[in-house]
Amino acid sequence: MVASGFAIQTRQLTKIYPGFWKSQQVAALTELNLAVERSQIFGLLGPNGSGKTTTIKLLLGLINPTAGDALVMGKPAGDQDTRRVIGYLPEESYLYRFLNARQTLDFYARLFNMNRAQRRRAIDYYLDFVGLDPAVRSRRIGTYSKGQTRRVALAQALLNNPDLVIMDEPTSGLDPVGMLEIKNMIMRLKDAGKTVLLSSHQLADVEDVCDRLVILYRGRVEIQGTLNDLLEVKDTFQLEARGVTPEIQTQLLEFAQRSGLTDVRTGRPRVRLEDIFKNLVDSKRKAERR
Amino acid sequence: MHHSINIMSLVADAVILVILVAFILTAFRDIARIGTGISRAWAVGRTTFIEAWHNRMWAIPVIWMVICLILGFSIVRGYTPGSEVRVYLTIFIRAQEIILLVYLGILACLSLPRERERKTLITTGAKPVTRLELLLGKIMGLGAAALVMLLAMMLFTWAFMKVVDHNIRSDAMVSYKLEKKNYNRLVRHVPPDFGLLYTATHGVLQAQNYITGKLRIAGMISYATNPPTRYLKGGSTETVYFEFPSIPANLSYQPDFLFRFGLFPPGRPAEIHITAIERENPMVTEEASVKLNAAGSAAWTPKHPFRFFSYTDPQTGRVLSPGPVVLKVTCPTFHTYLQIGDGTHLSNCSCIVTGVNAAMLHEHGIDYILPKADPVITGFKSNGWQEITGPGKTGQTPPEVASWEFTHLNPLAIPKTKNGKFTLHLICGVSKQTNEAIPNYAALFAYSSDDPTNPVKILKLHINEKRVTVVQLPERLLDGSALIVNLSSIVHGHWLKIRTNSVRIMQKPSSFIGNLFKTELIVFCEVILLITIGVVSGTALGWPVALLTTMCCYILGNLFHFVSVLAKANGFELLNIVQEHRLQGVWYYQLGSFISGVMVHVLEILVYLLPNFTRFSPLPFITASRNMPWLFLGQNIFAAMISMIPAIAVGYLVMRKRELS
Ligand SMILES: Nc1ncnc2c1ncn2[C@@H]1O[C@H](COP(=O)(O)OP(=O)(O)OP(=O)(O)O)[C@@H](O)[C@H]1O
Ligand SMILES: [Mg+2]
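None of these values were measured; they are calculated from a predicted model.

### Description of the overall build of chain B
Per the secondary structure count, chain B includes 13 helices and 28 strands. Summarising its shape, the C-alpha atoms of chain B cover approximately 90 × 85 × 40 Å along the three principal directions. Scored against the burial criterion, the 661 residues of chain B give a buried share of 50%. Sequence separation of 24 or more characterises 79% of the internal contacts of chain B that already satisfy a separation of 6 or more. For chain B, the centre of its 58 positive side-chain charges and the centre of its 40 negative side-chain charges are spaced 10 Å apart.

In structure tokens, the structure reads:
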């Protein structure tokens, strides 16, 4: 069935949202050619309105392309059987407000024809997995906070243990810990051999997890490549070390000048705020547990 | 114009067929996976049900219960027991029907548009669920909601009716005991009413199974001849109906109707009143009064013959035919009886058409047409009840007779008592003009039609207004041939009010709650059909328009019969002014007529396309305390399903390629 090793492949994929007048038409996506390999984490970047969500909806067959076509797991986009192995986290958590977390997941699990035991196991597992506060699990989703809803939406996307996970801004609305957890989760998915397509505005996250990415602008691909290709500054070398005294510093600088290096910069490295936040929360939690 | 096949309904059927074929061609893959799809559809249905629950669905049965409680404590008395139960059941079931149709109709119209607005369809649509399953799921969920509400309401209704039944029974027992005491003490001349005892012991919550016969008013009947002679009573509302097939006329001379009645008393001058009706279009009528000569004969030619007679247009050669014709004849002359022949031969016909265009008849050399044999007589009619009068004051005129004919009886299907009798129930109304103080008595003649050696059973019965009179008849009357039961009042000045099911051969009764359940299921059929229409219109339209569409479908679906009658006439001919109106040749008259004709036909196609809601009538059985046959229920369920399939097909075709966001 799978001729290509690609999880997602698009050819000249184009979407023009229709309008009554010509001027109301929106060319949301123009001739997109994507190739996402299996077991790859693929980032879809771009400013607001650049066509990320449009791309994802096209891949899922939620909207119909104006031109071009897309293959997902080797089948045309929107194929019923492929949807069994796809998990989708929409850009906003569109869930039924009148169901509670368990009922919600139960509903989606039924759509995958899981039996009662499978459903119960999957629901318990993924609710713990996304870290939804057990106190709110039997409350209606209409009463949840944004992040809590997001976590249910995430559980919903992973429920069928999908081979391809498509996430539209997975971290929106999550607290920093949640963001980190998501990052770790994505890495774990990758380790399990799953393919992940994600769109995000959190460039730092993308930088941490993605193997490959495209940057869209007004529906067109502007930059595309692997993370290493894009981020590595080829003609620069960096050195970090402990126990550097002022004497050694001056010696190093002198050595650099002598060697004819240009644009030499020195200073103390800084940790990232994210790391500090994480360390703090982690240590507090450890203290609480003790 | 008379068509044997209705072209508009053919057009509608063709459209439905095209939809179904398109549906099967486009949906065969989705239909193929319906095996696992049903559980996915039910997942959608469950969620829809929970949503309905959160939309305060439960409040409706609760309110219903409160209404039942309030009514239960303030039961309206004063009806006769049978009609009291009928009134309650009519109110309850109609109210249920309306509440459910409105509430679930709204929910159905809202369901898909609301999911689109809240964008939950995006999440659901990315799961392995087909659009067909989504559609079916919505219908199933709302259907389940309807069923749950219906069952809850049914239980409350049933409990309420139990209370009513209990009250009626105890009232009946008290009255019966009082009557019996008074009769024993000789205060009362009439024996105690057995119907009261019957009510007290059996209650009024019944689901009787019984066989009804064919009712014919014999008019005044004389058994002296074979077959018996029937008379129309002068000065009464008794009417005889002569039915003719399409009558062809010549342009040179026109046919006329010839009447020949036997007069009783002979030679007394009498008058008849004739109403001619075009059967296909009952709005076309013509009336006339005609005097009979001393021999009882008269001829009548309609003023506008071509409303009733067909003719061949000499220029085009087209046959212009108004179709079959019915003549209603009454006799306004008092103290006269018109003898009516049974019309099996020319010699014993009371009305024939002469002077017809013999060339257009199949038989050669004949230029007359006979009506349908054995013309129907009806008495005074209102609300399906007819009346037969008692005998004349001094007994010189016999009473009128109503005759029930039970054919195709299966003797084994009729339960018998230990002493070899089977049971007949008699329910008729009594109205009294004179002799008010005297209770009504009736004579009942029962005999088997084919076996002259089988003696006639004659009973004198005490008839109570609309209360059951139980009659036991010997088993020997069930000999495989038709059973005839004739009934007449034997008290002067008393009328009996009867209808087809006034005489019933009783079978084993069924349970009332079962009957109530079947009734509710018919309401359910109607509701689920409306739900389907609502969900389907929600696939493409926003909820306000979907609501409007669904309402229109329901209203047009209830106009089925009205519109098909309307469409029989064309354009302004509907107003029955076309033939003599001088505007006829004027262009704007013709244009207007054309436009209105087209509009009526468009309406007709529309009505034939939409499901026929008039089909579902839950009430007639239960209000008559009669058990609904499973066949009737099955037909309704089948009809609902047959109407749902094209609707679902339309919904699928719309949904198939629709973008979900
Ligand atoms: N249903 C629609 N009808 C018309 N135009 C639309 C529709 N949906 C999206 N668009 C337009 O298409 C373009 C791309 O939208 P899209 O949602 O794909 O952007 P995005 O990259 O996901 O942006 P964001 O980062 O804000 O989520 C936008 O200009 C948007 O206005
Ligand atoms: Mg977006």
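### Quick look at the overall build of chain A
A count of helical and extended segments in chain A gives 9 helices and 11 strands. In terms of principal-axis extent, the alpha carbons of chain A reach across some 70 × 60 × 40 Å. Within chain A, the fraction of its 290 residues that count as buried is 43%. Partitioning the intrachain contacts of chain A with sequence separation of at least 6 by distance along the chain shows that 67% fall at a separation of at least 24. For chain A, the exposed area adds up to about 16500 Å²; of that, 50% sits on carbon and sulfur atoms. Across chain A, the 42 positively charged side chains and the 33 negatively charged ones have centroids separated by 7 Å.

### Let's talk about the state of the cysteines
Inspection of the entire model under this criterion finds 0 disulfides over all chains. The cysteine Cys553 of chain B is free of any disulfide, with Cys552 of chain B supplying the nearest cysteine sulfur at 7.1 Å.

### Topic: unusual backbone geometry
Cis peptide bonds are those with omega within 30 degrees of zero, and the linkage from Phe264 of chain B to Pro265 of chain B qualifies with -5°. Mapped onto the elements of the fold, Pro265 of chain B is located in the loop between strand S7 (262-264) and strand S8 (270-278).

### Regarding the sheet that holds strand S5 (residues 247-248) of chain B
Residues and elements named next belong to chain B. Here we have 3 strands laid out as an open sheet, ordered S5-S11-S12, and mixed in their pairing. Of all strands in the sheet, those with a lone pairing partner are S5 and strand S12 (319-320), marking the two edges. Across 2 bridges, the pairing between strand S11 (residues 309-312) and S12 is antiparallel. Within S12, the residue paired with Thr312 across the bridge is Val319.

### Some details on the domain arrangement of chain A
Looking at chain A, the domain boundaries give domain 1 (1-84 + 162-233), domain 2 (86-161) and domain 3 (246-289). Here the C-alpha centre of domain 3 of chain A lies 42 Å away from the C-alpha centre of domain 2 of chain A.

### Examining the pattern of salt bridges
As enumerated under the stated definition, the model contains 21 salt bridges over all chains in all. Three or more residues are tied together by salt bridges with common partners; here these are Asp106, Arg110 and Arg119 of chain A together with Arg46 of chain B.

### Focus on the nonpolar core
Nonpolar side chains tend toward joint burial in soluble globular proteins. Within the largest apolar cluster, 157 residues are counted, with the highest numbers of intra-cluster contacts made by Met167 and Ile186 of chain A together with Leu104, Met161 and Ile531 of chain B. At 17 residues, helix H6 (residues 131-184) of chain B tops the list of elements feeding residues into this core. Among all residues touching Met161 of chain B, those that are not within four sequence positions of it are Val85, Tyr88, Leu89, Phe92, Leu205 and Phe512 of chain B. Residues Val240, Phe259, Phe261 and Ile274 of chain B belong to the second largest nonpolar core, which totals 33 residues.

### Regarding the site of ligand 1
Residue and element names in this part refer to chain A. Around ligand 1, a shell composed of 13 residues is seen, among which Gly49, Lys52, Thr53, Thr54 and Glu91 lie nearest. Residue Gly49 places a main-chain N or O atom 2.8 Å away from an oxygen atom belonging to ligand 1. Between ligand 1 and Glu169, the relevant distance is 3.4 Å, taken from an oxygen atom to a side-chain nitrogen or oxygen of the residue. For ligand 1, whose unbound accessible area comes to 630 Å², protein coverage reaches 65%. Breaking the shell around ligand 1 down by element, the ones donating at least two residues are strand S2 (26-32) and helix H1 (52-60). The greatest single-element share of the shell around ligand 1, amounting to 3 residues, is contributed by H1. Of the residues contributing to the shell around ligand 1, the split by class is 3 nonpolar, 7 polar and 3 charged.

### Overview of the pairing of strand S20 (residues 401-406) of chain B
For a regular strand, the rule is simple: side chains alternate between the two faces of the sheet. Residues and elements named next belong to chain B. Taken across its 6 residues, S20 has 5 buried, putting it largely inside the fold. As judged from the 5 bridges shared by S20 and strand S26 (residues 483-489), these two strands associate in the antiparallel manner. What sits directly across from Ser403, in S26, is Asn486.

### Some remarks on the interface of chain A and chain B
On the chain B side, the residues contacting the 29 residues of chain A number 31 residues. At the boundary of chain A with chain B, total buried surface from both sides reaches about 2900 Å², with 58% on carbon and sulfur atoms. Contact with chain B buries surface across chain A, with Tyr94, Phe98 and Leu111 of chain A losing the most and accounting together for 23% of the total. Put simply, chain A and chain B have 3 salt bridges between them. Our enumeration of links across chain A and chain B arrives at 16 residue pairs in polar contact (both at pLDDT 80 or more). Every element with two or more residues in the side of chain A that touches chain B is listed here: H1 and helix H2 (101-111) of chain A. No other element matches H2 of chain A, which puts 6 residues into the side of chain A that touches chain B. Looking at side-chain class alone, the side of chain A that touches chain B contains 14 nonpolar, 6 polar and 9 charged residues.

### A few points about the sheet that holds S8 of chain B
Remark on secondary structure: sheet strands pair via backbone hydrogen bonds, oriented parallel or antiparallel. Residues and elements named next belong to chain B. The strand order across the open sheet formed by 5 strands is S9-S8-S13-S4-S17, and the pairing between neighbours is antiparallel. Of all strands in the sheet, those with a lone pairing partner are strand S9 (285-292) and strand S17 (376-378), marking the two edges. Looking at each pair of strands side by side, their axes are set apart by 25° on average, direction ignored. Here 5 bridges tie strand S4 (residues 239-244) to strand S13 (residues 325-330), and the two strands are oriented antiparallel to one another. Directly across from Tyr241, in S13, lies its bridge partner Lys328.

### Here we look at the packing of aromatic side chains
With the rule as written, the count across this model stands at 22 aromatic pairs over all chains. Relative to Phe107 of chain A, the ring of Tyr96 of chain A lies with its centre 5.5 Å away and its plane at 75°, an arrangement referred to as edge-to-face. Remark: Phe107 of chain A occurs in helix H2 and Tyr96 of chain A occurs in the loop between strand S7 (86-89) and H2; sequence separation between them is 11 residues. Look at Tyr96 of chain A and you get buried, because its relative accessible area is 5%. For Phe107 of chain A, a relative accessible area of 1% puts it in the buried group. Ring centres of Phe257 of chain B and Phe309 of chain B lie 5.9 Å apart, and the angle between their planes is 40°; on these two criteria the pair is classed as tilted.

### Considering the coordination of the magnesium ion (ligand 2)
Protein coordination at the magnesium ion (ligand 2) comes from Thr53 of chain A (OG1) and Glu91 of chain A (OE), with a distance range of 1.9 to 2.2 Å. Of this pair, Thr53 of chain A sits in helix H1 while Glu91 of chain A sits in the loop between S7 and H2; the two residues are 38 residues apart in sequence, bridging distant segments of the chain.

### Digging into the side chain of Thr157 of chain B
Residue and element names in this part refer to chain B. Mapped onto the elements of the fold, Thr157 is located in helix H6. Among the polar contacts listed, one links the side chain of Thr157 to the side chain of Trp64, at a separation of 3.1 Å. For Thr157, the residues in contact, after removing those within four places along its chain, are Trp64, Cys68, Phe92 and Gln96.

### Focus on the domain arrangement of chain B
When its domains are assigned, chain B resolves into domain 1 (35-163 + 511-560 + 613-659), domain 2 (210-217 + 388-506) and domain 3 (239-378). Distance from the C-alpha centre of domain 1 of chain B to the C-alpha centre of domain 2 of chain B: 42 Å.

### Notes on the confidence of the model for chain B
Parts of the prediction with low pLDDT should not have their coordinates interpreted in detail. All names here are of chain B. Residues with a pLDDT of 70 or more make up 91% of chain B, whose mean pLDDT is 84. Between the elements of chain B, mean pLDDT differs from a low of 67, seen in strand S18 (residues 380-382), to a high of 94, seen in helix H8 (residues 512-540). Interface confidence for the predicted complex, given as ipTM, is 0.84, next to a pTM of 0.79.

### So, the pairing of strand S21 (residues 421-426) of chain B
Residue and element names in this part refer to chain B. Counting buried positions over the 6 residues of S21 gives 5, a clear majority of the element. As paired strands, S21 and strand S25 (residues 469-474) are joined by 6 bridges and run antiparallel to one another. Considered in S25, the bridge of Thr423 is made with Gln472. Where S21 and strand S28 (residues 503-506) come together, 3 bridges link them in antiparallel fashion. Residue pairing across strands places Leu426 opposite Val503, the latter belonging to S28.

Cut-offs used in this document
- Residues numbered from 1 in each chain as written.
- Chains lettered and ligands numbered in written order.
- Predicted model: local features only at pLDDT ≥ 70, side-chain atom pairs only at ≥ 80, totals over all residues.
- Heavy atoms only, no water.
- Helix = DSSP H or I, 4+ residues; strand = E, 2+ residues; numbered from the N terminus.
- Buried < 20%, exposed > 50% of the residue type's maximum accessible area, 1.4 Å probe, protein only.
- Contact = heavy atoms within 4.5 Å.
- Lys, Arg positive; Asp, Glu negative; His and termini not counted.
- Charge placed at Lys NZ, Arg CZ, Asp CG, Glu CD.
- Areas by Shrake-Rupley, 256 points an atom, 1.4 Å probe, with all protein chains shown as cover.
- Disulfide = S-S within 2.5 Å.
- Pairing = 2+ DSSP bridges.
- Domains from an automatic or database assignment.
- Salt bridge = Lys/Arg side-chain N within 4 Å of Asp/Glu carboxyl O.
- Core = buried A, V, L, I, M, F, W, Y, C linked by side-chain atoms within 4.5 Å.
- Near = heavy atom within 4 Å.
- Polar contact = N/O pair within 3.5 Å; in protein donor to acceptor, adjacent residues only side chain to side chain.
- Nonpolar A, V, L, I, M, F, W, Y, C, P; charged D, E, K, R; others polar.
- Buried area = accessible area lost by both parts, 1.4 Å probe.
- Axes fitted to C-alpha atoms, helices over the stretch in contact; angles between N-to-C directions.
- Phe/Tyr/Trp six-rings, centres within 6.5 Å; stacked < 30°, edge-to-face > 60°.
- Donors = N, O, S within 2.8 Å, 3.2 Å for Na, K, Ca; no water.
- pLDDT = per-residue confidence, 0-100.

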